[in-house]
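# Coordinates in review
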Amino acid sequence: MGRLTKDQLNHFSEFGFLKVENLIDPEKIIDPIIEEYHTVLGNLADELYAEGKISSKYEDLEFGERVTKIYAESGEVYNQYFDFSLPQSGIKDDTPFWAGPAVFNALRCESLLDAVESIIGDEIFSNPIQHVRIKVPEAEAPRDENGMVKFGATPWHQDAGVATEEVDNTNMLTVWFPLMDASEENGCLQVVPGSHEGKVLTHCPGFNPKTGKLVQGLAAGGLQIPTTLFQSEDAMPIPMKKGDALFLTKKTVHSALPNISDKIRWSFDLRYQPIGEPTGRDIFPGFVARSKKHPEDILFDPTIWHDLWEDARNKLAKEEQFSFNRWDGEDPACA
Ligand SMILES: O=C(O)CCC(=O)C(=O)O
Ligand SMILES: [Fe+2]
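Only a predicted model underlies this, so the values are computations on that prediction, with no experimental measurement involved. (Residues numbered from 1 in each chain as written. Chains lettered and ligands numbered in written order. Predicted model: local features only at pLDDT ≥ 70, side-chain atom pairs only at ≥ 80, totals over all residues.)

## Description of helix α3 (residues 63-74)
Over its 12 residues, α3 runs 16 Å from end to end, which matches the ideal 16 Å to within 8%, given 1.5 Å per residue. Taken together, the buried positions of α3 are occupied by Arg-66, Val-67, Thr-68, Ile-70 and Tyr-71. Backbone geometry just after α3 places Gly-75 at a positive phi near 70°. (Helix = DSSP H or I, 4+ residues; strand = E, 2+ residues; numbered from the N terminus. Expected span 1.5 Å × (residues − 1). Buried ≥ 20, exposed ≤ 12 C-beta atoms within 10 Å, placed from the backbone.)

Okay, structure coming up:
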């Protein structure tokens, strides 16, 4: 059903990205996710209200307006409550996450896996580097002490650059899809066609490690490839409809535009790879999504998936945690 054509595969290997329209059923896959997140938001609202961080639970608002109001009034972004992964540091035994059945159902979406299979083969592992990204309108978004939007535009990077070095030997495929229509105004992705052909480029931390000062235009902590290192003038925005999916190689240079609209922009980004290759975040759990060789290994049970994440969190909370960052900012390109 979702199998890719020869032309689509050629486009992917030539340019390092491919947009596929109508790949993910909005009613069967996406709407249940939105419904599930309604409950998560309700729980968050209860918690913040009880703590006196918001003056109302905003129960009558739809998801986007409600999350915007809650973030704006509390002055904080609570995306970790919705995310189906864990933070890269500071994990505690009460760090929130959401690994619910509608999310798992999306990771297992058959038409999506058909397309993934066309690119990486039929032994498919769901890589644990995966996120939901909720971006409230910049005009209303909470800002940090430097006046930067918290969780705003995504800077230029390659996904290989935000994983550990082991991923250099892994055929990791990124799948990005919006939970509503994504446009240039609300912050769709931008890609640099052909940028996947070279090596993993230098990523610079959002601050200079020597001076501790912020690198201009960068959110603190975020990694970014300096625009001198790639053909930024070739950047191409990729507007997408709800149900479309965008495939990227691990070396395709990409970013996301700021959300200057008056509604939220939210999306899922998932990753898949052949079974047995390193994930680049080995302390997090992935699962076998498809296998002809070992069908008995395929995970179909959303509660097991949830428990894998809970076990990982509880284990990591007890340990000393290291940072995933493979970049130290010492490269002259970062100056
Ligand atoms: O959605 C975004 O803002 C960035 C997504 C991204 O970089 C990715 O999916 O790899
Ligand atoms: Fe990315």
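That shown, we press on.
## Here's the deal with the site of ligand 1
As a structural note, the neighbourhood of ligand 1 is formed by Arg-133, Thr-154, Asp-159, Thr-174, Trp-176, His-254, Ala-256, Ser-267 and Asp-269. Of all the secondary structure elements, the ones that give two or more residues to the shell around ligand 1 are β4 (173-178), β8 (254-256) and β9 (265-274). Taken together, the residues of the shell around ligand 1 break down into two nonpolar, four polar and three charged. (Near = placed C-beta within 6 Å. Nonpolar A, V, L, I, M, F, W, Y, C, P; charged D, E, K, R; others polar.)

## Some words on the sheet that holds strand β7 (residues 245-249)
The six strands are arranged β1-β7-β4-β9-β2-β10 in an open sheet whose pairing can be described as antiparallel. Bordering the open sheet on either side are β1 (17-20) and β10 (287-290), each of which pairs with just one other strand. Neighbour to neighbour, the strand axes of the sheet diverge by 30° on average, direction disregarded. With six bridges connecting them, β4 and β9 associate as antiparallel partners. Within β9, the position partnered with Leu-173 by the bridge is Tyr-272. Against the sheet, helix α1 (residues 6-15) engages β1 and β7, with an angle of about 145° to β1. (Pairing = 2+ DSSP bridges. Axes fitted to C-alpha atoms, helices over the stretch in contact; angles between N-to-C directions. Contact = placed C-beta atoms within 7 Å.)

## Concerning unusual backbone geometry
For Asn-22, which is not glycine, the phi dihedral falls at a positive 50°. Here Asn-22 is to be found in the loop between β1 and α2 (26-50). At Phe-151, a residue that is not glycine, the phi angle is positive and equals roughly 60°. Looking at Phe-151, the number of C-beta atoms within 10 Å reads 19, which means it is partly exposed.

## Brief notes about the environment of Cys-204
Mapping Cys-204 onto the fold places it in the loop between β5 (189-191) and β6 (236-238). Look at Cys-204 and you get buried, because 26 C-beta atoms sit within 10 Å. Separated by 57 residues in sequence, Cys-204 and Ser-261 have C-alpha atoms that sit 29 Å apart.

## Comments concerning the sheet that holds β5
An order of β3-β8-β5-β6 is seen for the four strands of this open sheet, with the pairing classed as antiparallel. Two strands bound the open sheet, and with one partner strand each, they are β3 (154-157) and β6. For this sheet, the mean angle separating the axes of adjacent strands, direction not counted, is 20°. Two elements, β5 and β8, share three bridges in a ladder whose sense is antiparallel. Residue pairing for β8: Leu-189 is matched across the bridge by Ala-256.

## So, the environment of Pro-193
Topologically, Pro-193 is positioned in the loop between β5 and β6. Each C-alpha atom of the pair Pro-193 and Glu-166 lies 25 Å from the other, and the pair is 27 residues apart in sequence. If sequence neighbours within four positions are ignored, Pro-193 has contacts with Phe-15, Gly-16, Phe-17, Asp-234 and Met-236.

## Quick notes on the packing of α2 against α3
At a minimum axis distance of 11 Å, the contact between α2 and α3 shows a crossing angle of 25°. Considering the angle they form, α2 stands roughly parallel to α3. In the crossing of α2 with α3, the sense of the turn from one axis to the other is left-handed. Contact residues: Ile-34, Tyr-37, His-38, Leu-41, Ala-45 and Leu-48 in α2; Phe-63, Arg-66, Val-67, Ile-70 and Ser-74 in α3. Split into classes, the residues belonging to the contact of α2 with α3 amount to eight nonpolar, two polar and one charged. (Parallel < 35°, antiparallel > 145°, perpendicular 65-115°, else oblique. Left-handed = near helix turned anticlockwise from the far one by under 90°.)

## Some details on the pairing of β4
Of all the six residues making up β4, six are buried; the element is thus mostly covered by neighbouring parts of the structure. Side-chain alternation along β4 places Leu-173, Val-175 and Phe-177 on one buried face and Thr-174, Trp-176 and Pro-178 on a second face that is also buried. In terms of strand pairing, β4 meets β7 through four bridges, oriented antiparallel. Bridged to Val-175 within β7 is Phe-247.

## Describing helix α5 (residues 110-120)
Those residues of α5 that sit buried are Leu-112, Leu-113, Ala-115, Val-116 and Ser-118. Gly-121 sits one or two residues past α5 and shows a positive phi near 100°.

## Details of the nonpolar core
Soluble, globular proteins show a tendency: their nonpolar side chains are buried together. Formed by 80 residues in total, the largest nonpolar core has its most connected members in Leu-112, Val-175, Ala-245, Leu-246 and Phe-247. The leading source of residues in this core is α2, at seven residues. Once you skip the residues sitting within four places of it in the chain, Val-175 turns out to touch Leu-112, Val-116, Ala-245, Phe-247, Asp-269, Leu-270 and Tyr-272. (Core = buried A, V, L, I, M, F, W, Y, C linked by C-beta atoms within 7 Å.)

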